[in-house]
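Each chain is listed here by its residues.
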Amino acid sequence: MMSLDWIVRILTENWPMFLRGAGFTLLISIIGTIIGSLIGLIIGVIRTIPMPERGIKRILLKVVNALLASYIEFFRGTPMIVQAMVIYYGSALAFNIHMNHIFAGIFIVSINTGAYMAEIVRGGIISIDKGQFEAAHAIGMNHIQTMSNVVLPQVIRNILPATGNEFVINIKDTSVLNVISVTELYFQTKSIAGNNFRYFEAFFVACILYFIMTFTVTRILRYIERRMDGPESYIMNQMQVQTAESMLRRTKT
């Protein structure tokens with residue numbers, strides 16, 4: 001039976017471990033989401049490059065697209081817990097590379113997030129009206145200039161909710177990294193529960209901490225979205241608006 005006294009006791013006696021675990025969870029989630037978003041942004045732009053009609057460029061672009069598609073399908077089609085085991089222990093056995101636990105956690109979350117963000121970015125780019133691409137090309141912009149100056153500013157705003165959702169998912173999914181001994185919140189909670197055999201109370205505290213982190217991140221991201229949207233009622237300056245009468249008067253003069 002759950003005891004409120006035990007919850008308070010576990011929290012007061014083990015708050016440094018809870019705090020350390022929550023800190024590593026946020027650290028891995030933030031860095032992993034940022035790096036993964038950059039990976040996804042680069043891959044999304046590459047996969048939307050118009051295919052040349054012929055020549056070596058066409059063959060090279062097809063090979064690159066095939067490799068990127070394989071990366072996306074693999075990391076979207078396998079669980080992160082399996083990826084963590086394969087990458088961390090596989091790199092040590094096959095290549096004698098012994099990675100730091102935190103570095104391994106960040107690396108795994110980054111490449112996993114990159115696979116999902118690549119498709120999110122690609123979908124955001126495809127959703128932009130083709131007329132904007134044609135207009136940019138008509139004034140002499142190449143693909144990179146069109147992306148950086150016209151398309152990506154719109155795409156970043158459009159994919160912000162999905163990016164925030166990936167961030168929240170990463171906060172929760174870091175719990176699977178305990179299989180490679182990353183001392184995040186779940187790992188610390190499991191250690192605390194094993195010391196006093198009060199599993200329900202210990203993980204109840206962990207649930208509250210996870211909720212606090214995800215709820216706070218969600219509110220911050222929604223605030224950022226509202227700021228990027230601008231004011232709800234936008235009144236144009238009278239100097240920016242030309243009425244039919246003013247245009248006719250200017251024509252007469």
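Before going into details, it helps to say that this report is about the structure given with it. Just so we're clear, the structure is a prediction, and the values are computed from it rather than from any experiment.

## Considerations on the environment of Leu152
1) Next: Residue placement: Leu152 occurs in helix α6 (residues 143-158).
2) Next: When its relative accessible area of 14% is taken as the criterion, Leu152 is described as buried.
3) Next: Along the chain, Leu152 and Val121 lie 31 residues apart, while their C-alpha atoms are 9.1 Å from each other.
4) Next: Other than its neighbours up to four places away in sequence, Leu152 contacts Leu41, Val45 and Met147.

## Considering the nonpolar core
1) Next: The biggest cluster of nonpolar side chains holds 22 residues, and the ones touching the most others in it are Tyr71, Ile108, Leu177 and Ile180.
2) Next: For this core, the secondary structure elements donating two or more residues are α1 (4-47), α2 (56-77), α3 (80-95) and α4 (101-127).
3) Next: Ranked by residue count, the leading element in this core is α4, at 8 residues.
4) Next: When residues no more than four places from it in sequence are discounted, the contact partners of Ile180 are Ala84, Tyr88, Tyr89, His101, Ala104, Gly105 and Ile108.
5) Next: Ile7, Phe167, Val168 and Val217 belong to the second-largest nonpolar core, a separate cluster that totals 16 residues.

## With respect to the side chain of Thr146
1) Next: Topologically, Thr146 is positioned in helix α6.
2) Next: Discounting chain neighbours no more than four positions away, the residues touching Thr146 are Phe133, Ala136, His137, Met141 and Val151.

## Things to note about the packing of aromatic side chains
1) Next: Enumeration according to the criterion identifies 7 aromatic pairs in this entry.
2) Next: Measuring from ring centre to ring centre gives 5.1 Å for Phe74 and Phe75, while their planes differ by 85°; the resulting arrangement is edge-to-face.
3) Next: According to the relative accessible area criterion, Phe75 is buried, its value standing at 12%.
4) Next: Put simply, the rings of Tyr71, Phe74 and Phe75 touch in pairs and so form one group of aromatic residues.
5) Next: Over the ring of Trp6 we find Arg9; its NZ or CZ atom is 4.6 Å from the centre of that ring.

## Some points on α1
1) Next: A rise of 1.5 Å per residue sets the reference length of α1, with its 44 residues, at 64 Å; its end C-alpha atoms lie only 54 Å apart and thus fall more than 12% short of the reference.
2) Next: At Asn14, α1 shows its largest bend, some 75°, and a proline, Pro16, comes one to four positions later.

## Describing unusual backbone geometry
1) Next: Positive phi, close to 55°, is recorded for Asn96, a residue that is not glycine.
2) Next: In this structure, Asn96 sits in the loop between α3 and α4.
3) Next: On the accessibility criterion, Asn96 (57% relative accessible area) is exposed.
4) Next: For Ser181, which is not glycine, the phi dihedral falls at a positive 65°.
5) Next: Within the secondary structure, Ser181 is located in the loop between α7 (160-173) and α8 (185-196).

About the criteria used
- Residues numbered from 1 in each chain as written.
- Predicted model: local features only at pLDDT ≥ 70, side-chain atom pairs only at ≥ 80, totals over all residues.
- Heavy atoms only, no water.
- Helix = DSSP H or I, 4+ residues; strand = E, 2+ residues; numbered from the N terminus.
- Buried < 20%, exposed > 50% of the residue type's maximum accessible area, 1.4 Å probe, protein only.
- Contact = heavy atoms within 4.5 Å.
- Core = buried A, V, L, I, M, F, W, Y, C linked by side-chain atoms within 4.5 Å.
- Phe/Tyr/Trp six-rings, centres within 6.5 Å; stacked < 30°, edge-to-face > 60°.
- Lys NZ or Arg CZ within 6 Å of the ring centre and 35° of its normal.
- Expected span 1.5 Å × (residues − 1).
- Bend = angle between axes of the 7 residues up to and from the residue.

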